[in-house]
Amino acid sequence: NPNGTVWQSYTLGDTNDSVHYSSAAISSNNIAYVGTSHGYFYAIDTVTGLVTNIFSGHGSITSSPVIGQDGTTVYVCIASYSGATLYAVDTSTTNITWNSALDGYAWGSPAIDSNGNIYVVTTNGYIDVFNSDGTPRWNYALPSGGDVWATPVIGVNGTIYIPRDNILYAIR
């Protein structure tokens, strides 16, 4: 019964680390995935409390992870001095399945369509789209404007909605 008291807490990363960029994604088998600003990516069993460090040192985790529709893969964006990358992690083994470079830094989370394609919007206004195996599908540059910090939203008809400045773009 939720009553507003702390049931469990987990110390993640090092002493100067934080999870303020990343919300947790919770799988159907009660595993929470969360990343830190120093690049640690964790799987936390919310029943047993077991914390597994999936990887670290790849850069700063700048997006919230997203679990694929079938629950076998979790996707997360990481920024480093050399650029940004989308990682796919197998939820049963916690191994990195693939990673693909992005056209810029991504602060919004990936979005996944009904066919398993992954959409990431970068701060410089690119939409990078990947097949479920990590191969690039297509990309598109939004018209000029300010930084994009949002997560793309995919409508029921497959239209992708992305805000930039005072405009909401609908892309097919």
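Above this text sits the structure in question.
Note that this is a predicted model, so its numbers are computed, not measured. (Residues numbered from 1 in each chain as written. Predicted model: local features only at pLDDT ≥ 70, side-chain atom pairs only at ≥ 80, totals over all residues. Heavy atoms only, no water.)

1. Concerning the packing of aromatic side chains
In step 1: For the coordinates displayed, the defined rule picks out eight aromatic pairs.
In step 2: Ring centres of Tyr40 and Tyr42 lie 6.0 Å apart, and the angle between their planes is 15°; on these two criteria the pair is classed as stacked.
In step 3: When the ring of Tyr119 is compared with that of Trp138, the centres are 6.3 Å apart and the planes differ by 75°; the resulting orientation is edge-to-face. Pair noted here: Tyr119 is in strand S11 (residues 118-121) and Trp138 is in strand S13 (residues 136-141), with a separation of 19 residues, a long-range link. (Phe/Tyr/Trp six-rings, centres within 6.5 Å; stacked < 30°, edge-to-face > 60°. Helix = DSSP H or I, 4+ residues; strand = E, 2+ residues; numbered from the N terminus.)

2. Observations regarding the environment of Val76
In step 1: With respect to the helices and strands, the residue Val76 is situated in strand S7 (residues 73-80).
In step 2: Here Val76 falls in the buried class, since its relative accessible area comes to 0%.
In step 3: Spatially, the C-alpha atoms of Val76 and Ala88 are 6.8 Å apart, while their sequence positions differ by twelve residues.
In step 4: Discounting chain neighbours no more than four positions away, the residues touching Val76 are Phe41, Phe55, Ile61, Ser63, Pro65, Thr85, Leu86 and Tyr87. (Buried < 20%, exposed > 50% of the residue type's maximum accessible area, 1.4 Å probe, protein only. Contact = heavy atoms within 4.5 Å.)

3. Considerations on the sheet that holds strand S16 (residues 167-171)
In step 1: Across the sheet, which stays open at both edges, the three strands sit in the order S14-S15-S16 with antiparallel pairing between neighbours. Where the open sheet ends on each side, the last strands, each with one partner, are strand S14 (153-154) and S16.
In step 2: Pairing analysis gives two bridges linking S14 to strand S15 (residues 160-164), with the strands arranged antiparallel. Within the sheet, the bridge partner assigned to Val153 lies in S15 and is Tyr161. (Pairing = 2+ DSSP bridges.)

4. Some thoughts on the nonpolar core
In step 1: Ranked by size, the top nonpolar core spans 14 residues in total, and within it Tyr33, Phe41, Ile54, Phe55, Val74, Val76 and Val89 carry the most contacts.
In step 2: Among the secondary structure elements, those contributing two or more residues to this core are strand S2 (31-35), strand S3 (41-45), strand S4 (51-55), S7 and strand S8 (83-90).
In step 3: Examining the composition of this core, we find that three residues originate from one element, S7, more than from any other. (Core = buried A, V, L, I, M, F, W, Y, C linked by side-chain atoms within 4.5 Å.)

5. Quick word on the layout of surface pockets
In step 1: In this structure, the largest pocket occupies an estimated 170 Å³ of space.
In step 2: In terms of lining residues, the largest pocket is bounded by Ile112, Asp113, Ser114, Asn115, Tyr119, Trp138, Ile154, Gly155, Gly158, Ile160 and Arg172.
In step 3: Split into classes, the residues belonging to the lining of the largest pocket amount to five nonpolar, four polar and two charged. (1 Å grid on protein atoms, 1.4 Å probe; cavity = no way out; pocket = protein on both sides within 12 Å on 5 of 7 lines; lining within 4 Å. Points joined across faces, edges and corners; volume = space filled by probe spheres on them. Nonpolar A, V, L, I, M, F, W, Y, C, P; charged D, E, K, R; others polar.)

6. Focus on a nonpolar patch on the surface
In step 1: On the surface, Val153, Tyr161 and Leu168 cluster together into a nonpolar patch covering about 280 Å² of accessible area.
In step 2: Looking at Leu168, the relative accessible area reads 57%, which means it is exposed. (Patch = residues over 30% accessible without salt bridge, like charges linked within 9 Å, V, L, I, M, F, W, Y side chains within 5 Å. Areas by Shrake-Rupley, 256 points an atom, 1.4 Å probe, with all protein chains shown as cover. Salt bridge = Lys/Arg side-chain N within 4 Å of Asp/Glu carboxyl O.)

7. Details of the side chain of Asp113
In step 1: The residue Asp113 is located in the loop between strand S10 (111-112) and S11 in this model.
In step 2: Buried charge Asp113 goes without a salt bridge, the closest partner of opposite sign being Arg137 at 5.8 Å.
In step 3: Polar side-chain contacts of Asp113 include one of 2.8 Å to the side chain of Tyr119.
In step 4: Here Asp113 is in contact with Gln69, Tyr119 and Ile154, once residues within four sequence places are set aside. (Lys, Arg positive; Asp, Glu negative; His and termini not counted. Polar contact = N/O pair within 3.5 Å; in protein donor to acceptor, adjacent residues only side chain to side chain.)

8. Side note on the side chain of Asp128
In step 1: Among the structural elements, Asp128 can be located in strand S12 (residues 126-130).
In step 2: In this structure, Asp128 is buried with no salt-bridge partner, the nearest side chain bearing the opposite charge being Arg164 at 12 Å.
In step 3: A distance of 2.7 Å separates the side chain of Asp128 from the backbone nitrogen of Asp103, its partner in a polar contact.
In step 4: Ignoring sequence-local partners within four residues, the contact set of Asp128 consists of Leu102, Asp103, Ile118, Tyr119, Val120, Thr122, Trp138 and Asn139.

Scope: geometric values only; no functional claims are made or implied.
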